[in-house]
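A look at the structure
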Amino acid sequence: IVLNSQGYTMKFTKLLTAVAFSAASLTAFADITVQGSSFAAGAATQSTLMGTFAAYKSGATPGAFSFAPAMGGYQGVGVAGGVNGEIDSKESIVGTLNQAYGISQFTLGLFFDGPEYGDVEEQTEVKVQYADSSFGTFVLTAISSTVATWTNAAGVVTNLALADLGKGGVWSVANPFGNQKITSIAFSALPGVCKPGATCTSQSDFTLVSVTAVPEVETYAMMLAGLGLMGAIARRRNKAKTA
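Residues numbered from 1 in each chain as written. Predicted model: local features only at pLDDT ≥ 70, side-chain atom pairs only at ≥ 80, totals over all residues. Heavy atoms only, no water.

1. What to know about the pattern of salt bridges
- Taken as a whole and assessed by the stated rule, the structure comprises three salt bridges.
- For Asp113, the salt bridge goes to Lys195, with nearest N and O atoms at 3.7 Å. Of the two residues, Asp113 sits in the loop between β7 (92–109) and β8 (123–130) while Lys195 sits in the loop between β13 (181–189) and β14 (207–214), which places them 82 residues apart along the sequence.
- One salt bridge connects Glu125 with Lys127, and the closest N-O pair in it is separated by 3.9 Å.
- Given a relative accessible area of 43%, Lys127 falls into the partly exposed group.
- A single network of salt bridges, built from pairs that share partners, joins Asp113, Glu121 and Lys195. (Salt bridge = Lys/Arg side-chain N within 4 Å of Asp/Glu carboxyl O. Helix = DSSP H or I, 4+ residues; strand = E, 2+ residues; numbered from the N terminus. Buried < 20%, exposed > 50% of the residue type's maximum accessible area, 1.4 Å probe, protein only.)

2. Regarding the confidence of the model for the protein
- Per-chain confidence: the protein averages 85 in pLDDT, with 77% of residues scoring 70 or above.
- This stretch, residues 15–28, has a pLDDT under 50; its non-local contacts, to residues over four places away or in other chains, come to 20 contacts.
- Residue range residues 219–227 is modelled with pLDDT below 50. Its contacts to residues more than four positions away, or to other chains, number 17 contacts. (pLDDT = per-residue confidence, 0-100. Contact = heavy atoms within 4.5 Å.)

3. Here's the deal with the side chain of Thr107
- With respect to the element layout, Thr107 can be found in strand β7.
- Residues in contact with Thr107, not counting those within four places in the same chain, are Leu160, Val170, Trp171, Ser172, Thr207, Leu208, Val209 and Ser210.

4. A word on the nonpolar core
- Core analysis: the biggest nonpolar cluster contains 40 residues, and Met50, Phe177 and Phe187 have the highest contact counts within it.
- If sequence neighbours within four positions are ignored, Phe187 has contacts with Ile87, Glu91, Ser92, Ile93, Phe106, Leu108, Glu125, Val126, Phe206, Leu208 and Val211. (Core = buried A, V, L, I, M, F, W, Y, C linked by side-chain atoms within 4.5 Å.)

5. A short note on the pairing of β7
- With 13 of 18 residues buried, β7 is to be regarded as a mostly interior element.
- Strand direction decides the pairing type here: strand β3 (residues 51–58) and β7, joined by six bridges, are antiparallel. Looking across to β7, one finds that Tyr56 is bridged to Ser92.
- Sheet analysis places β7 next to β13, joined by seven bridges and oriented antiparallel. Its bridge partner being in β13, Tyr101 is matched across the sheet by Ile182.
- For β7 and β14, the ladder comprises seven bridges, and the chain directions are antiparallel. Pairing of Phe106 across the sheet is with Val211, part of β14. (Pairing = 2+ DSSP bridges.)

6. Overview of the environment of Leu162
- For Leu162, the position within the fold is in the loop between β11 (156–161) and β12 (170–174).
- Beyond its immediate sequence surroundings of up to four residues, Leu162 is in contact with Ser145, Thr146, Lys167, Gly168 and Gly169.

7. A look at the packing of aromatic side chains
- A full pass over the atoms with the stated rule returns eight aromatic pairs.
- With 5.4 Å between their ring centres and 70 degrees between their planes, Phe106 and Phe187 make a pair best called edge-to-face. Here Phe187 lies in strand β13 and Phe106 lies in strand β7, a separation of 81 residues in the sequence. Residues Phe106 and Phe187 agree in their burial class; the two are buried.
- Members of the aromatic cluster, joined through ring pairs, are Phe106, Phe138, Trp150, Phe177 and Phe187. (Phe/Tyr/Trp six-rings, centres within 6.5 Å; stacked < 30°, edge-to-face > 60°.)

8. A word on unusual backbone geometry
- You will see that Lys90, though not glycine, has its phi angle at about 75 degrees, which is positive.
- Along the chain, Lys90 turns up in the loop between β6 (78–79) and β7.
- For Cys200, which is not a glycine, the phi torsion comes out positive at approximately 50 degrees.
- In this structure, Cys200 sits in the loop between β13 and β14.
- Of the residues examined, Cys200 reaches a relative accessible area of 15% and is grouped as buried.

If you want it as C-alpha cells, here you go:
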C-alpha cells in the first residue's frame, strides 16, 4: 500500500506490525481455560495454550484419555482403565505448563461424599511444582453433597452440581495455590475416607472438568509495551501528515 510520496508506506507497515504485536499480547493477557471436554479420546497427550496434559494409567506408564457420560451439565475427562472415563486409583492427569502460571481455579466432576453409592468420601490429590522448583501437595475431600474441604486455606471450594445420585458432584476450587505460580500440576485419586456402616468396596474416582491459568506479570508488560508502540507510531504518523 502506497499512501503518498512522503514515505508513509513504511510508517503504515510499522503500524500494522505494532497492531499485530499488541493483538498477540492481548491474547496472552487473557486468562487461559483448558476444558477437559476438548481432549481427544484415546490420545495419551493433549496440547493446549497452557501446556501439554498427559494421561497416566499407573505411575509413569502412559495411559489414554476417555470420557464417562456427563452429569449435571458438566463434562470432564478421565483415563481409560479401572472406572473408564474417570481418574481412578493409581491413574493421573498431569499438566506440564509452558510458563509459570497462577491458577485461578480448577473444576472436578463425578466427585462424591460416599452415601450415594455406599462408599468412601472421595479424595483428590493435587501435586504442583512451583516456579522456584519446590513442590506442594494438596487434597480435596467431599464431606457432604454440598461441602468439600481443601487443604490450602487460600482456596475457596464451591459446589456447582450436587454430589448426589445423577447430580454431577461438581466442585470448583478458586485460588487453590494462593499467589504461588506453578509450572506443573497433577491430578490423581486417593483411597478416600470410609464412613462407619459403608461397604467401601470402591475407591475415589473423578473427572477433570477444567483448569484456568493467569499469565505472569511479564506478559501484561509485553501487552502494554505493544500498545505503547502502536500509539507512538500513530502519533508520529499524524505529525508527519500535518507537517
